[in-house]
Amino acid sequence: MVSNIGAIQAYSFDPDASSDGEKKTYMHEHLQKLLLQLEETEGGFDQFTRSYRSFGVQRQPDNSLFFKEWAPGAEALFLTGDFNDWNKFSNPYAKKEFGKWELILPPKHDGSPAVDHNSKLKVVVHTNDGQRIYRISPWAKYVAREEKTVIYDWVHWDPPPPYIHIHPRPKKPTSLRIYEAHVGIASPEPKVASYSNFTTNVLPRIKDLGYNCIQLMAIMEHVYYACFGYQITSYFAASSRYGTPDELKQLIDVAHSMGIVVLLDVVHSHASKNTEDGLNRFDGTDSCFFHSPPRGEHSLWDSRLFNYSSWEVLRFLLSNLRWWMEEYRFDGFRFDGVTSMLYHHHGIGTGFSGDYNEYFGLHVDEDSLVYLMLANHILHTLYPDCITIAEDVSGMPALCRGVQEGGLGFDYRLAMAIPDKWIQILKELKDEDWNMGDIAFTLTNRRYGEKCIAYAESHDQALVGDKTLAFWLMDKEMYTNMSTLIPMSPIIDRGIQLHKMIRLLTHGLGGEGYLNFIGNEFGHPEWLDFPREGNNQSYHYARRQFNLLDTDHLRYCQLYAFDRDMNRAEDEYGWLAAPPAFVSAKHEGDKVIVFDRANVLFIFNFHPNRSFQDYRVGVEAAGKYKIKLDSDEVQYGGHGRLDHNTDFFTEPHPFNGRSNSMLVNISNMTFLTH
């Protein structure tokens, strides 16, 4: 196991030093200055991060409507829409300090608001070069597109009876078992599925499977469906293609009633280049929320990059986080594209070997780094049970250490090397050539003291151009040989066994949390591809075929049962919350990996054609052991070769670095409990 305590020290101050002589880092000092500025100028970060209550449109107690925008490069702003028959000049904003613009619309004669619920609005911007452009408010809480149009419209969302959450947030799980999901593909039907469908049909499955956390992708509004939710156009709007804001609130509320926390996949690393229905050139300039080009453009993603040194950009992004926590009652965030944020080179054409010179220097974007520290500090101060996860491929030291230590404050990082390793192995090697030491090294190679989310595959591995692990293992035979009514072919037999073993090995050894992408728990075939010109706008691959799982005579239900029982076993024994495992065996000839964690002994036999009788394995805790989970059980698509009534007793015989050992029988994968 790689231990990088020095990484923490490089970003920390001496906790034993006196209060007068604390050796804080430059970044930590920068953060403290920002917090002091927030106190002096905004009344503190609590008020600052509630700016969604003053920007955009706000209904006042007398039903007047208050509008406020930040457009520092504009010459004039007007409001138009259904309410004034789209008159472009009748409702001007008043210019205020620091690029702010304000407008008050008094109520109608009957006392109702001047702008009706569900009616359309636009901001008319007169630019400093004489153009007149039409924009959506960056703070718009709902945007929608009519069926035959391309551009999204700002829709005033102010329903008469607002949704009231019934159920309290669940407590932060000790062991995090994440179900990564996309609402739009969560149906076997070739269409965009809805929030309501997810609530009714998918949440019960997630609960039954034993996942205690859902990570929702593609919720923040994005015009282009095929971008998978990573080209955001409206940051405060929940995507209308799946339904209404209230239906999303109900989804989260019902998840909470099941004891499941819900994380939002938040994209603060970049934004869509769209202008008429996005943030880009909101005030007519090439900057505003972003750096001017070239710094403000991402060459690979063809998107805009935020200016994290701007006060108003900090207001916008931090308030955005607060909005999703308060209005929708999300329980935390998976921050997308953190590697791009941390470095001026955005990780483009750069490899990371772990050398500290790669993490400290002028190539590090201090502004975005401090933004992430600030975001984590605020979230964890206001919401102690908030969960934040970083998608970072670089291995930035102290990413998941507390801000008070000089770290960036994330709770977890994604262990992105693990799925890459599994895909590499499946592409390049026959399973008899797998290297046990290489696999175990990849699964344990993480910074000590920084929690990781392990996963064998996520949405990335299933996208077009690649395919799911199940399809790598069994390919076209999944179309014809998955029936329990016929004998298993050798490919299906081996594929099913390896699918289970890969997932449990990753679950038990790879981190302090575990993630599964929707449908992969039952071996979803093929790949993901969203409707686009290149596939004639087809939804065939933009769906999850739960009908395969619900067909009793197909073997998908066996993989589902194993995934369910794997999670339930973790819930019982808590290995994800336990210290890292001790790997006692990586036997290349036998193709066996053995490790113990949380008083559970894991034994994996990857040999393609050998089982073992009276096989000696090392174990630390002495006593009696019993089989708890066996991938060779018939209900999981195995062959039932082990006797579960057998008790295994340790001997005071040290073996492979453990104080005791015992003789066991192993077929595929077994774990025994003390």
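Residues numbered from 1 in each chain as written. Predicted model: local features only at pLDDT ≥ 70, side-chain atom pairs only at ≥ 80, totals over all residues. Heavy atoms only, no water.

S.K.: Tell me about the packing of aromatic side chains, and name the residues and values.
M.R.: One pass over the full model with this rule turns up 42 aromatic pairs. Ring geometry for F333 against F335: centres 6.1 Å apart, planes inclined by 70°, an arrangement best described as edge-to-face. Classification of F335 as buried rests on a relative accessible area of 1%. Ring geometry for F335 against F410: centres 5.4 Å apart, planes inclined by 80°, an arrangement best described as edge-to-face. In this pair, F335 is assigned in strand β17 (residues 332-335) and F410 in the loop between β18 (387-390) and β19 (412-414), connecting sequence segments 75 residues apart. Owing to a relative accessible area of 2%, F410 belongs among the buried residues under this scheme. The ring of W323 has K141 sitting right over it, with the charged end atom 5.3 Å from the ring centre. The side chain of R658 reaches across the aromatic face of F582, ending 3.9 Å from its centre. (Phe/Tyr/Trp six-rings, centres within 6.5 Å; stacked < 30°, edge-to-face > 60°. Buried < 20%, exposed > 50% of the residue type's maximum accessible area, 1.4 Å probe, protein only. Helix = DSSP H or I, 4+ residues; strand = E, 2+ residues; numbered from the N terminus. Lys NZ or Arg CZ within 6 Å of the ring centre and 35° of its normal.)

S.K.: Describe the sheet that holds strand β10 (residues 176-182), listing the residues and the values that go with them.
M.R.: The strand order around the closed barrel formed by eight strands is β10-β11-β14-β17-β18-β19-β20-β21, and the pairing between neighbours is parallel. Strand-to-strand twist in this sheet, taken as the mean axis angle between neighbours without regard to direction, amounts to 30°. In terms of strand pairing, β10 meets strand β11 (residues 213-217) through five bridges, oriented parallel. Bridging from a neighbouring strand, I178 pairs with C213 of β11. Sheet strands touched by helix α5 (residues 245-257): β11 and β14 (261-266). Its angle to β14, the strand with the most contacts, is close to 140°. (Pairing = 2+ DSSP bridges. Axes fitted to C-alpha atoms, helices over the stretch in contact; angles between N-to-C directions. Contact = heavy atoms within 4.5 Å.)

S.K.: Give me the lowdown on the sheet that holds strand β2 (residues 65-70), citing residues and values where you can.
M.R.: In space, the four strands of this open sheet follow the order β1-β2-β5-β4, with antiparallel pairing throughout. In this open sheet, the two edge strands, each paired with only one partner strand, are β1 (56-59) and β4 (94-95).

S.K.: Can you tell me about the UniProt feature "active site" (unreviewed entry) in the chain, naming the residues and giving the values?
M.R.: Listed under "active site" (unreviewed entry) in the UniProt record, and renumbered for this structure, are D336 and E391. These annotated residues cover 56 residues of sequence, and their C-alpha atoms lie no more than 5.4 Å from one another, placing them together at a single site. Within the fold, D336 resides in the loop between β17 and α7 (338-342). The class for D336 is buried, based on a relative accessible area of 7%. With residues near it in sequence (within four places) discarded, D336 still touches Y230, D265, V266, V267, S269, H270, M341 and E391. Looking at the element boundaries, E391 is found in the loop between β18 and β19. Residue classification places E391 among the buried positions, given a relative accessible area of 13%. Of note is the side chain of E391, whose polar atom sits 3.4 Å from the side chain of R334. (UniProt positions renumbered as here; feature names shortened; annotations may be inferred. Polar contact = N/O pair within 3.5 Å; in protein donor to acceptor, adjacent residues only side chain to side chain.)

S.K.: Can you lay out the pairing of strand β28 (residues 660-666) for me, pointing to particular residues and giving the numbers?
M.R.: β28 sits mainly inside the fold: five of its seven residues count as buried. Taken together, the six bridges between strand β25 (residues 612-619) and β28 define a ladder with antiparallel strand orientation. Of the residues in β28, the one forming a bridge with R616 is L663.

S.K.: If you had to explain helix α10 (residues 436-444) to someone new, which residues and values would you point to?
M.R.: Considered for burial, the residues of α10 that qualify are M436, I439, A440, T442, L443 and T444. Here the buried face of α10 lies against α9 (417-428), α13 (490-509), β22 (582-587) and β23 (592-597). Between a side-chain oxygen at the N-terminus of α10 and the backbone nitrogen of G437 the separation is 3.0 Å; the capping residue is N435.

S.K.: Tell me about the confidence of the model for the chain, residues and numbers included.
M.R.: Close reading of the predicted structure is inappropriate where its pLDDT is low. Averaged over all residues, the pLDDT of the chain equals 93, while 96% of them reach at least 70. Considering only residues more than four positions removed or in separate chains, one finds that residues 1-24, a stretch of pLDDT under 50, has 46 contacts. (pLDDT = per-residue confidence, 0-100.)

S.K.: Summarise the pattern of salt bridges; cite the residues concerned and give the values.
M.R.: A full pass over the atoms with the stated rule returns 46 salt bridges. Note that D158 is salt-bridged to R59, the shortest N-O span being 2.5 Å. Here D158, found in the loop between β9 (153-155) and β10, pairs with R59, found in strand β1; they are 99 residues apart in sequence, far enough to count as distant. The salt bridge involving K421 is made with D438; its shortest N-O contact spans 2.9 Å. (Salt bridge = Lys/Arg side-chain N within 4 Å of Asp/Glu carboxyl O.)

S.K.: Summarise the nonpolar core; cite the residues concerned and give the values.
M.R.: Membership of the largest hydrophobic core comes to 173 residues, with the highest contact counts inside it found for F67, F198, L216, W324 and W422. Ignoring any residue separated from it by four or fewer positions in sequence, one finds F198 in contact with A181, V183, A186, L203, I206, I214, L216, L251 and I518. Listed in part, the 16 residues of the second largest apolar core include L601, V617, I627 and V664. (Core = buried A, V, L, I, M, F, W, Y, C linked by side-chain atoms within 4.5 Å.)

S.K.: Outline the pairing of β1, listing residues and values.
M.R.: Across four bridges, the pairing between β1 and β2 is antiparallel. Along β2, the bridge assignment pairs G56 with K68.

S.K.: Hey, could you go over helix α8 (residues 366-382) for me, with residue numbers and the actual values?
M.R.: For α8, which comprises 17 residues, the first-to-last C-alpha distance of 24 Å matches the rise-based estimate of 24 Å (1.5 Å per residue) to within 8%. Where α8 is concerned, the buried positions are S368, L369, V370, Y371, L372, M373, L374, A375, N376, I378 and L379. Looking at the buried side of α8, the elements it contacts are α2 (26-42), α3 (45-48), α6 (311-327), β17, α7 and β18. With a side-chain oxygen positioned 3.2 Å from the backbone nitrogen of D367, the residue opening α8 is D365. (Expected span 1.5 Å × (residues − 1).)

S.K.: Break down the packing of helix α4 (residues 195-209) against α5 for me, with residues and values.
M.R.: Axis separation between α4 and α5 bottoms out at 8 Å; the angle between their running directions is 20°. In terms of their interaxial angle, α4 and α5 are classed as roughly parallel. Classified by chirality, the crossing of α5 by α4 is left-handed. Within the contact between the two elements, α4 uses Y195, S196, F198, T199 and L203 and α5 uses E247, L248, L251, V254 and A255. (Parallel < 35°, antiparallel > 145°, perpendicular 65-115°, else oblique. Left-handed = near helix turned anticlockwise from the far one by under 90°.)

S.K.: Can you tell me about unusual backbone geometry, naming the residues and giving the values?
M.R.: Cis geometry is adopted by the peptide bond preceding P294, which originates at P293 and carries an omega value of 5°. Of note, the phi angle at D614 is positive, near 50°, even though the residue is not glycine. The topology assignment puts D614 in strand β25. By relative accessible area, which is 54% here, D614 ends up exposed.

S.K.: Help me get a handle on the environment of H653, residues and values and all.
M.R.: You can see H653 is positioned in the loop between β27 (647-649) and β28. Between the C-alpha atom of H653 and that of V619, which follows or precedes it by 34 residues, the distance is 9.7 Å. Discounting residues that sit within four places of it in the chain, H653 has contacts with R616, S659, N660 and S661.

S.K.: With reference to specific residues and values, describe the packing of α2 against α6.
M.R.: In helix packing, the relevant descriptors are the interaxial angle and the interaxial distance, both defined with respect to the helix axes. Relative to each other, α2 and α6 sit at 90°, their axes nearing to 13 Å. The orientation of α2 relative to α6 falls into the category roughly perpendicular. Here L34, Q37, L38, T41 and E42 of α2 come into contact with α6, specifically with W311, L314 and R315.

S.K.: Run through the state of the cysteines, naming residues and quoting values.
M.R.: Inspection of every chain in the model, using the stated rule, returns zero disulfides. C386 carries a free sulfur, and the closest cysteine sulfur to it, the one in C213, is 11 Å from it. Among the residues examined, C386 registers a relative accessible area of 1% and is labelled buried. With no disulfide of its own, C452 has C400 as its nearest cysteine by sulfur position, at a separation of 6.7 Å. Since its relative accessible area comes to 4%, C452 is described here as buried. (Disulfide = S-S within 2.5 Å.)

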